[in-house]
Amino acid sequence: MPSPLILVAAVLNGLMTGAVYALVALGLTLIYGVLHIINFAHGALLSAALFAAFFAYQILGLDPYLAVFVLAPVFFALGYALQRFVIGPAARGDERNMLLVTLGLSVFIENALLYAFRANTRTVEVSYAFKSIDLGFTFLAVPRLVSLAAVFAVAFVLWLIMALTDTGKAIRAVAKEKLGAELAGIDVAHVYALTFGLGTACVAIAACLLIPTYYVNPSAGNAFVPVAFTIVVLGGMGSVPGALIGGLVIGVVESLAGFFLGESLGEVGIFLIFILVLLVRPRGLFGSST
Amino acid sequence: MVEPLLSVEGISHRFGGLLAVDAASLWAPAGSITSLIGPNGAGKTTLFAVISGFLKPTAGRVRYGGEDVTGEPPHRLARRGMARTFQITKPFAGLSVRDNILIGAHLRHPARADALAVAETVARDVGLGELLDRPAHTMTAAARKRLELARALATEPKLLLLDEVLAGLNPSEIREVVPVIRALAGRGLAVVMIEHVMQAVMSLSAHVFVLAEGRIIAEGSPAHVTADPAVVEAYLGHGAAAKVGAHDVH
Amino acid sequence: MKGFLLIAIVVAAFAAVPLVVHSNVTLNFLVVALLIALAGQGWNVLGGYGGQYSFGHAAFFGTGAYVTAVLQMRYGVNAWIGFAAGIAAGSAVGAIVGTLAFRAGLRSSYFALVTLAFAEVLRILASVAPITGAGVGMLIKLDLRAQSFQFQSRALFYLVILALVAVALVTAQMLERSRFGAWLIAVRENEDAAMALGVDAFSIKLGAMVLSAAITAAAGGFYAQYFLFVDAGIAYGTWISIEALLTPVIGGVGTVFGPLVGALAAKSLGEGAKLVTGDVPGLDLMIYGAMLVLVIRFVPHGIVGAFADVSDRIKRRVLAARAPAREAVHG
Ligand SMILES: Nc1ncnc2c1ncn2[C@@H]1O[C@H](COP(=O)(O)OP(=O)(O)O)[C@@H](O)[C@H]1O
Ligand SMILES: [Mg+2]
């Protein structure tokens, strides 16, 4: 039996990895909760955001943690525009169309990145990439601590938006009762786009948190997709606290599983868990209509 | 005594905290029209869904043709000769009227040509003969009700469960459909209809069951149940009494 | 009957191509287009007629390809038998995935997700398992004899894939005329209504999935024989899942000729772009992604569907002109 201190270290590590998962899942679940679509372009948007963060640092010399304040609004606008002018008009409310449109976007974005930047993997070198805090029995990587803190900050801000602003009220109204909201004079297309924008902004924040310690290539974002989907389904489709807790839990599970089983089983494992979660959840939770 | 084609014994169905159907029993013999009436939200549609296998009852039994068929899936019950229509119509929206009815006809006729012939005959019987080539999604609400009826009939059922097929029809349309339903019973089918159009209930049905808040509160001949104070109260309580006699049907 | 006649004419026209075209480049283009059309016809059976959109048809394509290759190279099985076994194995994978997914009641997005996940699991497994050649992939030994399912001339390969496509076209046409097909379409349009009319939705969907998987697996097996190489990224890669659904969507979902028309359109556009900018990685898939979005936005029923819509509208206008009184009563 490994010493408890090592396990604690693994859990702490998992929590910090899980923070980024949670952030990616947060965007996905937000979009699902309001628009009732699974955004298949989420991973590709994450790749795009990673490139944006990379070039912001490389060309403009913008530190990733500062780039958040530029990229989050930019990606919010991008997400808004995508939903308002591409996904919404193309899908016309049909679920199967939405599936195909977000898939098409995903393929387009990923391959446009490949076309523009080739398959090369790039990394940034920031001074604090390897900074860590010594707890005596383990080290906590500073960038990961920042991620953990940032995720709670983002969740708090989201909660503030939802609870206190008129926009938040409109979003909640549409999520709950679309027809009623429409009758009450809420511009549903606008609310959908706002939500998609918020979800995409989450992805941009995740990218800025990741880039100091992670890498970027045209399919880098895809690595997070199965994990994020698993978290969203596990945490309850559309549930923000579910995504937050689910992300942290999956992070810990992955870290412990890697510890006990070795990394190689990890990739298949996450897909198998994902399939299991989809299959064994009672069908009532999949309330999607035909 | 011969067992009626359909007998429902003490069926209950619960949606979460709501007991939508509460130990309801009813029966329907072949060759006759039985009505199920009751105020909105009484649990009539839910009871139909249980009988036709779309919902599993929390308690109780459904007997059909002398057998216990409780919990059998809808498609198997349809093969046994049970057909239902949906109150909220469910057309195959992308298909023509002909192809909609064809799906029903295929149940007893594997060959396409035979099934098409049946579909056309049935369409003519319910007055959809002129609309055979129309895409279902372009039909009026009244025409969709007829389509529900036509598809169900195309399966050549022994028991027909009609959920408000007259609702939303205007008086002249009702006058067209009522004889069709009467003829079905004449041909030996057991018909159970959920209906709000009281005149139709009075003129068509041999036996009436009244459901209120999930329970059968009265049963008997149309004259008998409409004279029952409990029934009048159930309706008045929900302000639906005005409906009685509002339509003039022959 | 009209449908079968049209298939015969189209197939005959395609069969005549090698008589006039001798360019290997052109024939190669046509072989690949027909291969994608075949994979797409598989997707079309389940997605187009059945309304169950799979994002993981690579699972069947890859199984067809790997089983064909592995049986030959590891067990010395005859290529044609390996090909047949590949189709059987692909169908079996379809039966397993279908049983699990449909029993669990997965629909639309969830069905897409679960099929995608199965394909990914198979891809990862194939990239580590020794029997598939793991990360290196697997070469099929060159043996240019018809009994080894390899041909000296590209024209023969072309005729073989054309024959497979012809079988798939006839299958789709028969589907449209059969009770099974009618019930499958009914399930797509409204599952509850179909069940009320006696349709066993689960069995129908499962049957469609198995047929669909078999057709796409045949495309995979042919791929292995034509290119004599498979690896995990090719056989189980997302590219084939995407092209399998792209072709019917572009050509017209739930139509007999949709996948063929869509494959020719998509491949032409992809190759055309390569001529303009050179073969840069990502270019063709980038175009396919854009096509997917644009087609759904502007040609929602696909190319074949658009023609059908126009001819329907004309027919209806003619009918309306002939009998204005009747329309007025029921309109
Ligand atoms: N799927 C469902 N989930 C939860 N409650 C339902 C559902 N369907 C019906 N109900 C409730 O059950 C009760 C009975 O409904 P229903 O059977 O449709 O009544 P009726 O057909 O007599 O108008 C109503 O209170 C209704 O709101
Ligand atoms: Mg009702």
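Refer to the structure above for everything that follows.
Just so it is clear, the structure is predicted and the values come from calculations on it, not from any experiment. (Residues numbered from 1 in each chain as written. Chains lettered and ligands numbered in written order. Predicted model: local features only at pLDDT ≥ 70, side-chain atom pairs only at ≥ 80, totals over all residues. Heavy atoms only, no water.)

Regarding the overall build of chain B
Applicable threshold: Segments assigned H or I by DSSP are reported as helices when at least four residues long, segments assigned E as strands when at least two residues long, and all are numbered from the N terminus. Here the globule rule reads 2.2 Å times residues to the power 0.38, and the radius of gyration is calculated from C-alpha atoms. Exposure categories follow from relative accessible area, calculated using a 1.4 Å probe and restricted to protein chains: below 20% of the type maximum is buried, above 50% is exposed, and the middle band is partly exposed. Pairs of residues are marked as contacts when any of their non-hydrogen atoms sit within 4.5 Å.
Within chain B, the secondary structure is distributed over 9 helices and 10 strands. Since a compact globule built from 250 residues should have a radius of gyration of about 18 Å, the 18 Å found for chain B is in line with a globular shape. With the principal axes as the frame, chain B shows a C-alpha extent of 50 × 40 × 40 Å. Per-residue burial over chain B gives 55% buried out of 250 residues. Across chain B, contacts joining residues at least 24 apart in sequence account for 64% of those joining residues at least 6 apart.

Examining the pairing of strand S2 (residues 18–28) of chain B
Both faces of the sheet carry side chains from a regular strand, because those side chains alternate between them. Residues and elements named next belong to chain B. Quick reminder of the rule: Should DSSP find at least two bridges between two strands, the strands are regarded as paired.
Bridging between strand S1 (residues 6–15) and S2 involves 7 bridges; their strand directions are antiparallel. In the sheet register, His13 faces S2, and the bridge partner there is Val21. Where S1 folds back onto S2 in an antiparallel hairpin, the turn is made up of 2 residues, including Gly16, whose phi is positive at roughly 55°.

Remarks on the coordination of the magnesium ion (ligand 2)
All names here are of chain B. Operational definition: Only nitrogen, oxygen and sulfur atoms within 2.8 Å of the metal, or 3.2 Å for Na, K and Ca, are treated as donors, and water is left out, so sites may look incomplete.
At this site the magnesium ion (ligand 2) is bound by Thr45 (OG1) and Gln87 (OE1), with donor distances of 2.0 to 2.1 Å. Residue Thr45 is located in helix H1 (residues 44–51), and its partner Gln87 is located in the loop between strand S6 (82–84) and helix H3 (97–105); the two are separated by 42 residues in the primary sequence. Judged by its relative accessible area of 29%, Thr45 is partly exposed. Residue class for Gln87 comes out partly exposed when judged on its relative accessible area of 31%.

Some thoughts on the sheet that holds strand S9 (residues 207–212) of chain B
Residues and elements named next belong to chain B. We count it as follows: Under this scheme, a helix contributes an axis fitted over its contacting stretch, all axes are lines through C-alpha atoms, and angles between N-to-C directions fall in the 0 to 180 degree range.
In space, the 6 strands of this open sheet follow the order S6-S7-S8-S3-S9-S10, with mixed pairing throughout. The open sheet is flanked by S6 and strand S10 (215–220), the only strands paired with a single partner. The sheet shows a mean angle of 15° between the axes of neighbouring strands, direction not considered. In the sheet, strand S3 (residues 32–37) pairs with S9 via 4 bridges, with the strands oriented parallel. Within the sheet, the bridge partner assigned to Leu36 lies in S9 and is Phe209. Along the sheet face, H1 touches S3, S6, strand S7 (159–163), strand S8 (190–194) and S9 and points at about 150° away from the line of S7.

As for the arrangement of the chains
Contacts are most numerous between chains A and C, considering all 2 pairs of chains that are in contact. Here chain A and chain B are not in contact; the least distance found between their C-alpha atoms is 12 Å.

Structural notes on unusual backbone geometry
You will see that Arg92 of chain A, though not glycine, has its phi angle at about 50°, which is positive. In this fold, Arg92 of chain A is placed in the loop between helix H3 (64–91) and helix H4 (95–117). For Arg92 of chain A, a relative accessible area of 43% translates into the label partly exposed. Positive phi, normally seen in glycine, also occurs at Phe149 of chain C, with a value near 60°. When you line up the elements, Phe149 of chain C lands in the loop between strand S1 (138–139) and helix H6 (154–177). What makes Phe149 of chain C buried here is its relative accessible area of 0%.

Brief notes about H1 of chain B
Of all the 8 residues making up H1 of chain B, 7 are buried; the element is thus mostly covered by neighbouring parts of the structure. Those residues of H1 of chain B that fall on the buried side of the exposure criterion are Lys44, Thr46, Leu47, Phe48, Ala49, Val50 and Ile51 of chain B.

Focus: the pattern of salt bridges
Quick reminder of the rule: The rule for a salt bridge is simple: a side-chain nitrogen of Lys or Arg has to be within 4 Å of a carboxyl oxygen of Asp or Glu.
Taken as a whole and judged by the stated rule, the model has 21 salt bridges over all chains. The closest approach of N and O atoms between Asp187 of chain A and Arg84 of chain A, which form a salt bridge, is 3.8 Å. Here Asp187 of chain A, found in the loop between helix H7 (178–183) and helix H8 (188–210), pairs with Arg84 of chain A, found in helix H3; they are 103 residues apart in sequence, far enough to count as distant. Judged by its relative accessible area of 39%, Asp187 of chain A is partly exposed. Overall, Arg84 of chain A belongs to the partly exposed group, its relative accessible area being 27%. Here Lys274 of chain C and Asp284 of chain C are joined by a salt bridge, their closest N and O atoms 3.8 Å apart. One end of the pair, Lys274 of chain C, is in helix H12 (residues 258–277); the other, Asp284 of chain C, is in helix H13 (residues 283–298), with 10 residues separating them in the sequence. Residues participating in the shared-partner salt-bridge network are Arg98, Glu120, Arg124 and Asp133 of chain B.

Keep in mind that these numbers describe shape and distance, not what the molecule does.
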